[in-house]
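Per-entry structural report
Spelled out from the first residue to the last, the chains are:
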Amino acid sequence: MIWSFLKIAVFLVAVAALTLGATYLVENGEGIRIAVAGMEFTLGPLQTALAALSVFVLVWLLLRVLGLLSAVLHFINGDETAVSRYFDRNRERKGYEALAEGMMAVASGEGRVALAKAAKAEKYLGRPELTNLLSAQAAEAAGDTRKATEVYRRLLADQRTRFVGVQGLMKQKLAEGDAATALKLAEKAYALKPRHEGVQDTLLRLQSEKGDWKGARDVLGTKLKQGLLPRDVHRRRDALLALQEAKGVLAEGASIEAREAAIAANKASPDLIPAAVMAAEAYIAKGDTKHATRLLLKAWEAQPHPELAAAFAAIAPDETAAERAKRFEPLLKLRADAEETRLLRAELAIAAEDFPAARRALGDLAETHPTARALTLMAAVERGEGADDAVVRGWLARALGASRGPQWVCENCHNIQAEWGPVCDNCGGFDTLSWREPPGGGVPLANRAEMLPLIVGTPRPPPDALDPLPVPVPAAPMPMPTETEILTERLRRDPLAEPDAVALARGMAPKK
C-alpha cells in the first residue's frame, strides 16, 4: 500500500518536473541548428527534447532487435532453446518481481494484494514450489483458510514441498483445536524432518497431552542427540516421562513392570518427588524396606515434602506413635531447620501426646509463617495442653483464612494443582510444576465465611431486641462443636486437604 503510493507520487513529481522544464524551454530557451549534407535544420527547445527522447527509444528498440537477431542466429546454429530463453528472460523478470512484491505484501499483512501478486508470479514463472507457498501464506494473511488448505494440499504432491505442506496443515489443525489430527500430522512432519526443532517441540507437547509417554521419550532422546537439551535437563524430563509411563502400566495391571519403571525413574532423577514416592511404594510392595528407606532419605535430603513423609510412614503402618517417632528420627535429622521437618516433628509429637515437644518443634512458625497447617497444629497443641476452648477456636479461625503453604504451582501461569503431573492442566506447559508457595498464599478455604459461625458460635440476641409478642418456643440450642467436628467439616468442604491434616482431624479426640 505505501509502496504503491510512493510510486504514484514519484510519477506525478516526474511529470510535473518535465512539464515545467518544457514550458521553460519554450518560453526562454533558444533553438539549435543542425547542418547535414548541405541541408540545415533549425529545432526549437521543445522539439529538441522530443528528438532526444525519440533517439533514446530508437536505441532501446535497436538493442532489443539485435538481441532477438542474436537469439535467432543461435537457433539456426543448433541451439533449440535460444529463442525461448530470450522471451523467458522477460517473463522470469516479471515473475520474480511479482514474487518479491507478494512476499513484501505478506510481511506487511496485505493478504489480498499478496494473493494477486502470487497469481501473477504463477502465471509468469510456472514454479509451483515457489508460488504455491506464497499463495498459502497470502491466503492465511487474508483469512481465507479454505484457500490455504487447498494450496497446502497441492504442496503435498511435490517431494520438495511435502514437509511445508504437512507443517502448514498441522498449524491449521492446531488453530482449529483438532489435537488428534494435529498429532498425526506432527508425527508425519517429524518422520520427514526429525531434526526440525519446531516440529519436535510441537510433537512433544501433543504426545504429552495425549499420554503417549513412550513416543515423547523418543522425541526427547532426539533433542539430546542434537544438543538441543542439556544432559541434566534431559535426565530429569526423561525421568518424569518414565514415571508417567509407569503409572500407565500400573493402571493396566502390570504391577511388576510398573515397579521396575518407577525404580528406574527414581534412579534417573532422585530429587523428583513423585518418582521417589512411587519407587518407595514399589520397594515396599516387594518387601524391600531397606531400599525404600534409603531412597526416601535421599529424596528428603534434596527437598522435604509431605508425600515423602507419608511414604516413609507406610513402611511400617502398624507401629505405635512412640515407635514411629523413633523411626523417623534419621529422616528429621537430615534437614532439621526446614519448615516441613519442623511441622512433621510437631505432628509426630502430637500423635505421641508430647505437646511441649510439639510446641518446641513449631517454635515461632505461627508468627513468622502462619500457614493453615502450622496454625491447625498450634490449635492441637493448645487443646492437648488444656487451653480454653476460646483459645483453640481462635487458632482454628486464623487457620481458615491463612495461606495453604507450598503447593504444586506452574512456573508459567501460576496455576495450582492438587497433584503433580508432567503437564500443567491450565497452560499445557511441560515440566513446569514446582513445589513452592504460590503468590498470595494459594487457594484459601473457599467457604471460610460460612465456617466462622461454626467455630465461634452464633451470638444470642440481646434481651431488649426480642419481640414482645408471643413467639413459638425455640428449639434446643445446638451444642458447641468439638475441634474434631470443626476440622472434619473443614476438610469435607475443602477438596485439597492435606493427608496429614486428615490424620490430625481423625486423631484429635475431644478432651473429657
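Structure shown above.
Residues numbered from 1 in each chain as written. Predicted model: local features only at pLDDT ≥ 70, side-chain atom pairs only at ≥ 80, totals over all residues. Heavy atoms only, no water.

**What to know about the overall build of the protein**
Quick note on the threshold: Under the DSSP-based scheme used, a helix requires at least four consecutive residues in state H or I and a strand at least two consecutive residues in state E, with every element numbered from the N terminus. Contacts are assigned to residue pairs with any non-hydrogen atoms lying within 4.5 Å of each other.
Along the protein, the regular secondary structure elements total 25 helices and five strands. If you take every contact in the protein between residues at least 6 apart in sequence, the share linking residues at least 24 apart comes to 50%.

**Here's the deal with helix 15 (residues 306–313)**
Since the α-helix turns once every 3.6 residues, residues separated by three or four places project in the same direction. The test is simple: Only protein chains enter the accessibility calculation, which uses a 1.4 Å probe; a residue whose area is less than 20% of its type maximum is buried, one above 50% is exposed, and one in between is partly exposed.
Of all the residues in helix 15, the buried ones are Leu308, Ala309, Ala311, Phe312 and Ala313. Buried-residue contacts for helix 15 involve helix 13 (273–286), helix 14 (289–302), helix 16 (321–327), helix 17 (329–334) and helix 18 (339–351).

**A word on the nonpolar core**
In globular proteins that are soluble, nonpolar side chains generally tend to be buried together. Note the threshold: The criterion is simple. A nonpolar core is a set of buried Ala, Val, Leu, Ile, Met, Phe, Trp, Tyr and Cys residues joined through side-chain atoms within 4.5 Å.
Ranked by internal contacts, the top residues of the largest apolar core, which has 72 residues, are Leu296, Leu308, Phe328 and Leu344. Per element, the largest residue contribution to this core is eight residues, and it comes from helix 13. Sequence-distant contacts of Leu296, defined by excluding residues within four places in its chain, comprise Ala276, Ala280, Leu308, Ala311, Phe312, Ile315 and Leu331. Counting residues in each nonpolar core, the second largest holds 23 residues, with Ala346, Phe355, Ala358 and Leu365 among its members.

**What about the sheet that holds strand 5 (residues 433–436)?**
Strand pairing within a sheet occurs via backbone hydrogen bonds; the two strands may be parallel or antiparallel. Spelled out, the test is: A pair of strands is considered paired only if DSSP assigns at least 2 bridges between the two.
Read from one edge of the open sheet, three strands run 4-3-5, paired in antiparallel fashion. Strand pairing shows two members of the sheet lacking a second neighbour, strand 4 (416–417) and strand 5, which therefore form its edges. As paired elements, strand 3 (residues 407–410) and strand 5 share four bridges and run antiparallel to each other. Within strand 5, the position partnered with Cys410 by the bridge is Leu433.

**Thoughts on the packing of helix 7 (residues 162–176) against helix 9 (residues 197–210)**
For clarity, the threshold we go by: Helix axes use the C-alpha atoms of the stretch in contact, all axes being lines fitted to C-alpha atoms, and the angles between their N-to-C directions lie in the range 0 to 180 degrees. Angle categories are assigned with fixed cut-offs, so that under 35 degrees is roughly parallel, over 145 is roughly antiparallel, 65 to 115 is roughly perpendicular, and the rest are oblique. Should the near helix be turned anticlockwise from the far one by less than a right angle, the crossing is termed left-handed; should it be turned clockwise, right-handed.
Where helix 7 contacts helix 9, the two axes come as close as 12 Å, and the packing angle between them is 40 degrees. Overall, the two elements helix 7 and helix 9 adopt an arrangement that is oblique. Between helix 7 and helix 9 the crossing geometry is left-handed. Between helix 7 and helix 9, the contacting residues are Phe163, Gln167, Met170 and Leu174 on the first element and Val199, Thr202, Arg205 and Leu206 on the second.

**Some thoughts on a positive patch on the surface**
For clarity, the threshold we go by: Like-charged residues within 9 Å of one another, or nonpolar side chains (Val, Leu, Ile, Met, Phe, Trp, Tyr) within 5 Å, are grouped into patches, provided each residue has over 30% relative accessible area and no salt bridge. Values of accessible area rely on a 1.4 Å probe in the Shrake-Rupley scheme; residue burial ignores everything except the protein chains shown. Salt bridges are counted wherever a side-chain nitrogen of Lys or Arg sits within 4 Å of a carboxyl oxygen of Asp or Glu. When charges are counted, neither His nor the chain ends are considered; positive counts come from Lys and Arg and negative counts from Asp and Glu. Lysine's charge is taken at NZ, arginine's at CZ, aspartate's at CG and glutamate's at CD.
There is a patch of like positive charges on the surface, built from Arg91, Lys94, Lys120 and Lys123. Among the secondary structure elements, those contributing two or more residues to the positive patch are helix 3 (82–107) and helix 4 (111–125). Counting through the fold element by element, Arg91 comes out in helix 3. Using a relative accessible area of 35% as the deciding quantity, one classes Arg91 as partly exposed.

**Considerations on the pattern of salt bridges**
Per the counting criterion, the structure on display carries 17 salt bridges. With a closest N to O distance of 2.8 Å, Arg373 and Glu340 form a salt bridge. Taken together, the residues span a long stretch of sequence, with Arg373 in helix 21 (residues 372–384) and Glu340 in helix 18 at a distance of 33 residues. Between Arg359 and Glu385 there is a salt bridge; the shortest N-O distance is 2.7 Å. On the criterion of sequence distance, the pair formed by Arg359 in helix 19 (residues 355–362) and Glu385 in the loop between helix 21 and helix 22 (389–400) is long-range, its members being 26 residues apart. You can call Arg359 partly exposed: its relative accessible area is 29%. Residues joined in a network through salt bridges with shared partners are Arg146, Glu150 and Arg154.

**Observations concerning the state of the cysteines**
In a disulfide, the sulfur atoms of two cysteines are covalently bonded to one another. What counts, and what does not: Throughout, disulfides are identified as pairs of cysteine sulfur atoms within 2.5 Å of each other.
Applying the stated criterion across every chain yields a total of zero disulfides. Cys410 takes part in no disulfide bond, and the closest cysteine sulfur, belonging to Cys427, lies 3.6 Å away. For the unlinked cysteine Cys424, the closest cysteine sulfur is that of Cys413, found at 3.6 Å. A residue is classified by how much of its surface remains accessible, and Cys424, at 4% relative accessible area, is buried.

**Here we look at the pairing of strand 3**
Burial of the side chains of strand 3 extends over both faces: Gln407 and Val409 are buried on one face and Trp408 and Cys410 on the other. Sheet analysis places strand 3 next to strand 4, joined by two bridges and oriented antiparallel. When the sheet's bridge partners are listed, Trp408 is paired in strand 4 with Gln417. Between strand 3 and strand 4, which follow one another and run antiparallel, lie five residues, and His414 among them has a positive phi close to 60 degrees.

**Examining the packing of aromatic side chains**
As a reminder of what qualifies: To pair, rings of Phe, Tyr and Trp, with the six-membered ring standing in for Trp, must have centres within 6.5 Å; the planes then decide the type, stacked if under 30 degrees apart, edge-to-face if over 60, and tilted in the middle.
With the rule as written, the count across this model stands at two aromatic pairs. For the ring pair Phe312 and Phe328, a centre distance of 4.8 Å and an interplane angle of 75 degrees mean the geometry is edge-to-face. On the criterion of sequence distance, the pair formed by Phe312 in helix 15 and Phe328 in the loop between helix 16 and helix 17 is long-range, its members being 16 residues apart. Accessibility classification places Phe312 together with Phe328 in one group, the buried group. Taken together, a centroid distance of 5.3 Å and an interplanar angle of 65 degrees make the contact between Trp408 and Trp435 edge-to-face. Pair noted here: Trp408 is in strand 3 and Trp435 is in strand 5, with a separation of 27 residues, a long-range link. Judged by its relative accessible area of 21%, Trp435 is partly exposed.

**Brief notes about the side chain of Thr222**
Structurally, Thr222 is set in helix 10 (residues 213–225). For Thr222, a relative accessible area of 19% puts it in the buried group. Sequence-distant contacts of Thr222, that is, excluding residues within four places in its chain, are made with Tyr190, Pro194 and Gln200.

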